[in-house]
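Survey of secondary and tertiary structure
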Amino acid sequence: NLPGFVSDAGSYTVSYVSGLSSGAGYNFNAGAGLAYTVSQAPLNITAINQGKVYGEVLSFGGTEFLATGLKNSQTVGDVTLASSGAAAVANVGSSPYVITPSAAKGGSFNSANYSITYVDGALAVTARPLTVSFTAPTKTYDGNPTAPVGAFVLNNVVNGDSLGLLGTAVAAYDSRHVGTAKPVSYSGLALGGGAAANYSLPPSANGTGAITQLASVAWTGGTSGDWSNAANWAGSALPDNDNVAAVIIPVASSVRITGNQALNLGNTAIEVFGSNFELDVIGGIKSGSGKIRALAGNISLSAHSPIEIGSGGIEASGGITLSALTPSVDSTITL
């Protein structure tokens, strides 16, 4: 090895210098040339591991590699890289895919000086994230917050894949009460379809919907019971917060209904078809534009806080009694 001397790989002969002389009278004859070989240096070209999302096309730039074993600060310009996972249709289930490097060229190196070993890399294909949009559900008030799961659209689907939701999805309004643009939460979401394994979907989503007012609900609690107990109303459709336009009390005999809290009837009308009707609550009683009417008897409203009768008024074929029973200046009766 001569300092500063670089030879390409190959076979060479070293020739002896001729014309040498000696002051002592010796003669020098040139000897035969010395053969020597510069062998190729080992060079590893390793493809760098890559990742992509299902449905994307991965384009190699030719620089996604590591070169190990280059001499004298030499460089490799680019490498041919290929993988079946680079296509948009490459499935998640077959991941990881092999990245095959070949044909290193360019830069300052001379490929003839190296014994090149190409080392494969890996390409990971991950699931494509989806979101789901639901058609806003609408239902008539029924006393519970369950929302119907209607039509939906899966967003970010590619490759013409056919996907759907499994039958486990459920939806719920933020409350059971009547309203528009009510928040709706969806849960139990899971994908179905042949390409489902290539996608990911959060198990829950949000939307909006509406609950419309129920026209009427019948009392089923017999001759006595608690107004606030949903089991005393047909279909458990508890009439509060203006959720029901009219309450029908069809019992043929006198009815006494109690309540453990203030009762705001809103604009709900009350139709009593039996004889007498008594409503006794611990809190106050407040009505609105709905009429309280007994067709065949007396009406008695008893409260332990103020009673406020709205524009709908009270009508009875018999007498009407209003009692604010708490001895307080706040226990007023307002018509």
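Scroll up to find the structure.
Quick notes on the rules
Residues numbered from 1 in each chain as written. Predicted model: local features only at pLDDT ≥ 70, side-chain atom pairs only at ≥ 80, totals over all residues. Heavy atoms only, no water. Helix = DSSP H or I, 4+ residues; strand = E, 2+ residues; numbered from the N terminus. Contact = heavy atoms within 4.5 Å. Polar contact = N/O pair within 3.5 Å; in protein donor to acceptor, adjacent residues only side chain to side chain. Pairing = 2+ DSSP bridges. Patch = residues over 30% accessible without salt bridge, like charges linked within 9 Å, V, L, I, M, F, W, Y side chains within 5 Å. Areas by Shrake-Rupley, 256 points an atom, 1.4 Å probe, with all protein chains shown as cover. Salt bridge = Lys/Arg side-chain N within 4 Å of Asp/Glu carboxyl O. Phe/Tyr/Trp six-rings, centres within 6.5 Å; stacked < 30°, edge-to-face > 60°. Buried < 20%, exposed > 50% of the residue type's maximum accessible area, 1.4 Å probe, protein only. Axes fitted to C-alpha atoms, helices over the stretch in contact; angles between N-to-C directions.

Digging into the environment of Tyr-118
Examined against the element boundaries, Tyr-118 turns out to sit in strand E8 (residues 114-119). Aside from chain neighbours lying at most four places away, what touches Tyr-118 is Ile-45, Pro-101, Ser-102, Ala-103 and Ala-104. At a separation of 2.9 Å, a polar atom in the side chain of Tyr-118 contacts the main-chain amide nitrogen of Ala-104.

Points about the sheet that holds strand E20 (residues 204-212)
In spatial order, the strands read E12-E20-E17-E16-E13; together these 5 strands make up an open sheet with mixed pairing. Strands with a single pairing partner mark the edges of an open sheet, and in this sheet they are strand E12 (138-140) and strand E13 (146-147). When strand E17 (residues 179-187) meets E20, the two strands line up antiparallel, connected through 7 bridges. Looking at the pairing, Gly-179 lines up with Ile-211 of E20.

Some remarks on a nonpolar patch on the surface
Taken together, the side chains of Val-14, Tyr-16, Leu-34 and Tyr-36 make up a nonpolar region of the molecular surface, amounting to roughly 370 Å² of accessible area. Within the fold, Tyr-36 resides in strand E2 (residues 34-38).

Examining the packing of aromatic side chains
Each aromatic ring pair is summarised here by two numbers: the centre-to-centre distance and the angle between the ring planes. Within this structure, the stated rule accounts for 7 aromatic pairs. Summarising the aromatic geometry, the rings of Trp-219 and Trp-233 are spaced 4.9 Å apart at their centres and angled 80 degrees between planes, so their arrangement reads as edge-to-face. Of this pair, Trp-219 sits in the loop between strand E21 (214-218) and strand E22 (224-226) while Trp-233 is found in the loop between E22 and strand E23 (244-249), placing the two residues 14 residues apart along the sequence. Judged by relative accessible area, which is 3%, Trp-219 ranks as buried. Given the relative accessible area of 2%, Trp-233 is considered buried.

As for the environment of Phe-152
By the element assignment, Phe-152 lies in strand E14 (residues 152-155). Sequence spacing of Phe-152 and Val-132 is 20 residues, and the spatial spacing of their C-alpha atoms is 6.7 Å. Leave out the neighbours within four places in its chain, and Phe-152 touches Val-132, Ser-133, Phe-134, Gly-164 and Leu-165.

Re unusual backbone geometry
That bond from Ser-95 to Pro-96 is cis: its omega, 5 degrees, falls within 30 degrees of zero. Inspection of the secondary structure puts Pro-96 in the loop between strand E6 (78-82) and strand E7 (97-105). Phi angles above zero are rare outside glycine, and Ala-103 is one such case at about 50 degrees.

Concerning the sheet that holds strand E29 (residues 292-294)
Spatial strand order, E21-E23-E26-E29-E32: 5 strands in an open sheet with parallel pairing. On the outer flanks of this sheet lie E21 and strand E32 (314-316), each paired with one strand and no other. Between one strand and the next, the sheet's axes are offset by a mean angle of 10 degrees, whatever the strand orientation. Bridge analysis of E23 against strand E26 (residues 269-272) gives 4 bridges, and the strand direction is parallel. For Ile-248, the partnering residue across the bridge sits in E26 and is Glu-271.

A closer look at the pairing of strand E27 (residues 277-281)
By the criterion of burial, E27 is predominantly enclosed, with 4 of the 5 residues buried. Here strand E24 (residues 255-259) runs beside E27; their pairing, made up of 5 bridges, is parallel. Within the sheet, the bridge partner assigned to Arg-256 lies in E27 and is Glu-278. Note: E27 against strand E30 (residues 299-303), 4 bridges, orientation parallel.

Section: the pattern of salt bridges
Overall, the coordinates contain 8 salt bridges when judged by the stated rule. With a closest N to O distance of 2.8 Å, Lys-139 and Asp-142 form a salt bridge. The salt bridge partner of Glu-315 is Lys-291, with a shortest N-O separation of 3.1 Å. Of this pair, Glu-315 sits in strand E32 while Lys-291 is found in the loop between strand E28 (285-287) and E29, placing the two residues 24 residues apart along the sequence. Given a relative accessible area of 34%, Glu-315 falls into the partly exposed group. The class of Lys-291 is partly exposed, set by a relative accessible area of 33%. A network of salt bridges, in which partner residues are shared, links Arg-256, Glu-278 and Asp-280.

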